[in-house]
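Below, each chain spelled out in residue letters.
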Amino acid sequence: MPSKPLRIGVLTGGGDCPGINAALRAVTKSLTLQHNAQVVGILDGFQGLVDRNVEPLHYRDVSGILTRGGTILGASNKANPFNYHPRGGADVSAQVVKTYRNLGLDALVAFGGDGTMSIAHRLTDLGIDIVGVPKTIDNDIVGTDHTFGFDTAVSIATEAIDRIHTTAQSHHRVMIIETMGRYSGWIALHAGVASGADVILIPEIEYEAEEVARVCTDRERSGQRFTIVAVAEGAKQKGGDHVVQERGEEYTDSIRLGGISRVLADQLREHLDTSVRTTVLGHMQRGGTPTAYDRNLATAFGTRAAELAANGTTAAMVAIQNDSFTTVPLEEVAEKTRTVPLDDPLLRSGLDVGTSFGVEESEVPATTAPEPRV
Ligand code: F6P
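Just so you know, these numbers come straight off a predicted model, no measurement behind them.

With respect to spatial proximity, the complete set of residues near the ligand consists of N77, I137, D138, M180, G181, R182, E233, R256, H283 and R286. In this structure, an oxygen atom belonging to the ligand sits 2.6 Å away from a side-chain N or O atom of D138. Here an oxygen atom of the ligand sits 2.8 Å away from a polar atom, N or O, in the side chain of R286. Protein coverage of the free-state accessible area of the ligand, which is 400 Å², stands at 81%. Of the residues contributing to the shell around the ligand, the split by class is two nonpolar, three polar and five charged. Mapping the shell around the ligand onto the domain boundaries places at least three of its residues in each of domain 1 (7–148 + 290–333) and domain 2 (152–286 + 341–363).

Here's what the structure looks like:
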């Protein structure tokens, strides 16, 4: 008698990012073609497992979505089954397990950031088999050197800063551009270096407003009558706090960062006569078609996740380390954030070309000191 086909559920946890549809297409096509499996799309992240809101995904359902932004499954960053706010912060994980069993699923593939990986890790302890796929524009997931969505966000932010550059030049202004990224500075660093920002402020290096003002003044004196500042939303002044836009216990991550560009503008105005303007790039960085790099990374992650799920691997996340694909146990990923190390090669290159990181260069030591010559 032929064995029962595998049934694999797929969901998008947390916020969306460019490349999810490409990954969804890869998982679905690969499971269908290579493993003869049935794929069940779970709608709106873990919410769909609480409400049993699902739909079958066939090969034809994912045709034509490779280039589309967003996720055809819908996403939610308010549906943590262990802290479920529609029911007053209740633990509804038993409901999730029940839905998983009733749907006859053999495994789940969960696309997500650190919040989703943490939830996934806890669900594996309850007997759900899960393979995680790292996706986020923030590039802040421990265990993988790249997440899809990041390259697209960096391209969008770079183009925006390039455009602001020309008007800054015309009007002799200090222009501050705020990127997303939560508690890590990857987007600001990569877009800042790519666009030749004069100052890059990231959460990993607490800035001094006087030092940023000094850079603006020095540029002015040397005839460069404008300054471009790329600031990550998680950047903060030395000894200061993160600038919080909104708090909401209903979110998986209760704090929404945002607003540092306006705080910094006010700080600079105390020191400068030059006009200062701010631009918050916001969700523009998360929308639209993914770059070729993100499409390919999403496709590679998706096919690997399909293979792992079909072969019975669980509690693991697909990852890329040193240009090779690998897997990382979910417990090594959960509840952690990957920040920019001070010896990051791009950060060091930024310093070498004279970019300011908001403090004197001597205050940005490479964490690994060079070996003394004997
Ligand atoms: O994690 C992705 C991200 O876009 C962060 O960079 C940002 O801080 C956050 O999500 C914004 O969340 P929301 O979509 O809930 O406003």
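So much for the structure itself; the text now carries on.
To continue, consider the domain arrangement of the protein chain. Segmentation of the protein chain into domains returns domain 1 (7–148 + 290–333) and domain 2 (152–286 + 341–363). Distance from the C-alpha centre of domain 1 to the C-alpha centre of domain 2: 32 Å. Of the roughly 1,500 Å² buried between domain 1 and domain 2 on both sides combined, carbon and sulfur atoms contribute 50%. Area buried by domain 1 at its contact with domain 2 is led by N77, I137 and D138, which between them contribute 35% of it. Applying the counting criterion to the domain 1 and domain 2 interface returns four salt bridges. Where D140 meets R182, a salt bridge forms, and the shortest distance between an N and an O atom there is 3.1 Å.

This part takes up the packing of aromatic side chains. Summed over the entire model, instances satisfying the criterion amount to two aromatic pairs. Taking the centre distance of 6.5 Å and the plane angle of 50° together, the rings of F148 and F301 count as tilted. Residue F148 is located in the loop between strand 5 (130–134) and helix 5 (150–171), and its partner F301 is located in helix 9 (residues 292–310); the two are separated by 153 residues in the primary sequence. Across the pair, exposure class does not vary: F148 and F301 are buried alike. Ring geometry for F301 versus F325: centroids 6.0 Å apart, planes at 80°, classification edge-to-face. Placement of the pair is F301 in helix 9 and F325 in strand 13 (residues 324–329), with a sequence separation of 24 residues. For F301, a relative accessible area of 0% translates into the label buried. Three or more aromatic residues joined by ring pairs form one cluster here, namely F148, F301 and F325.

For the rest of this paragraph, the subject is the packing of helix 5 against helix 6 (residues 186–194). The interhelical angle for the contact between helix 5 and helix 6, taken along N-to-C directions, is 50°, at an axis separation of 8 Å. Comparing the axis directions of helix 5 and helix 6 gives the class oblique. Once helix 5 is placed against helix 6, the crossing between them reads as right-handed. Contacts from F150, A153, V154, A157, T158 and I161 of helix 5 reach helix 6 at W186, I187, H190, A191 and A194.

Taken together, four strands build an open sheet; the order of strands is 7-8-6-11 and the sheet is parallel. Across the chains shown, the open sheet's two edge strands, defined by having one partner strand only, are strand 7 (199–201) and strand 11 (276–280). Pairs of neighbouring strands in the sheet enclose a mean axial angle of 15°, with direction left out of account. Looking at chain direction, strand 6 (residues 174–179) and strand 8 (residues 227–232) are connected through six bridges and run parallel. For M175, the partnering residue across the bridge sits in strand 8 and is I228. Against the sheet, helix 6 makes contact with strand 6, strand 7 and strand 8, and its axis sits at roughly 170° relative to strand 7, the strand it touches most.

Unusually for a residue other than glycine, R52 sits at a positive phi of about 55°. Residue class for R52 comes out partly exposed when judged on its relative accessible area of 46%.

Time to look at the pairing of strand 8. Across the six residues of strand 8, six count as buried, placing the element largely inside the fold. Alternating positions in strand 8 separate into two faces, T227, V229 and V231 on one and I228, A230 and A232 on the other, with burial throughout. The pairing of strand 7 with strand 8 spans three bridges and is classified as parallel. Within strand 8, the residue paired with V199 across the bridge is V229. Traced from strand 7 through helix 7 (residues 209–221) to strand 8, the parallel crossover comes out right-handed.

Turning our eyes to something else, we now look at the environment of W186. Here W186 is to be found in helix 6. Residue W186 is classed as buried on the basis of its relative accessible area of 4%. If we ignore the near neighbours within four places in the chain, the residues touching W186 are D138, N139, F150, R338, T339, V340, P341 and D344. Within the local environment of W186, its side chain forms a polar contact with the backbone oxygen of N139, the two atoms lying 3.4 Å apart.

Within the open sheet, the seven strands sit side by side as 3-2-1-4-5-12-13. Their pairing is mixed. Two strands bound the open sheet, and with one partner strand each, they are strand 3 (54–57) and strand 13. Taking each pair of neighbouring strands and ignoring which way they run, the sheet shows an average axis angle of 30°. Taken strand by strand, helix 1 (residues 20–35) contacts strand 1 (7–12), strand 2 (38–42), strand 3 and strand 4 (107–112), and its axis lies near 160° from that of strand 4.

Conventions used here
Residues numbered from 1 in each chain as written. Predicted model: local features only at pLDDT ≥ 70, side-chain atom pairs only at ≥ 80, totals over all residues. Heavy atoms only, no water. Near = heavy atom within 4 Å. Polar contact = N/O pair within 3.5 Å; in protein donor to acceptor, adjacent residues only side chain to side chain. Areas by Shrake-Rupley, 256 points an atom, 1.4 Å probe, with all protein chains shown as cover. Nonpolar A, V, L, I, M, F, W, Y, C, P; charged D, E, K, R; others polar. Domains from an automatic or database assignment. Buried area = accessible area lost by both parts, 1.4 Å probe. Salt bridge = Lys/Arg side-chain N within 4 Å of Asp/Glu carboxyl O. Phe/Tyr/Trp six-rings, centres within 6.5 Å; stacked < 30°, edge-to-face > 60°. Helix = DSSP H or I, 4+ residues; strand = E, 2+ residues; numbered from the N terminus. Buried < 20%, exposed > 50% of the residue type's maximum accessible area, 1.4 Å probe, protein only. Axes fitted to C-alpha atoms, helices over the stretch in contact; angles between N-to-C directions. Parallel < 35°, antiparallel > 145°, perpendicular 65-115°, else oblique. Left-handed = near helix turned anticlockwise from the far one by under 90°. Contact = heavy atoms within 4.5 Å. Pairing = 2+ DSSP bridges. Right-handed = clockwise from strand over helix to strand, strands pointing away.

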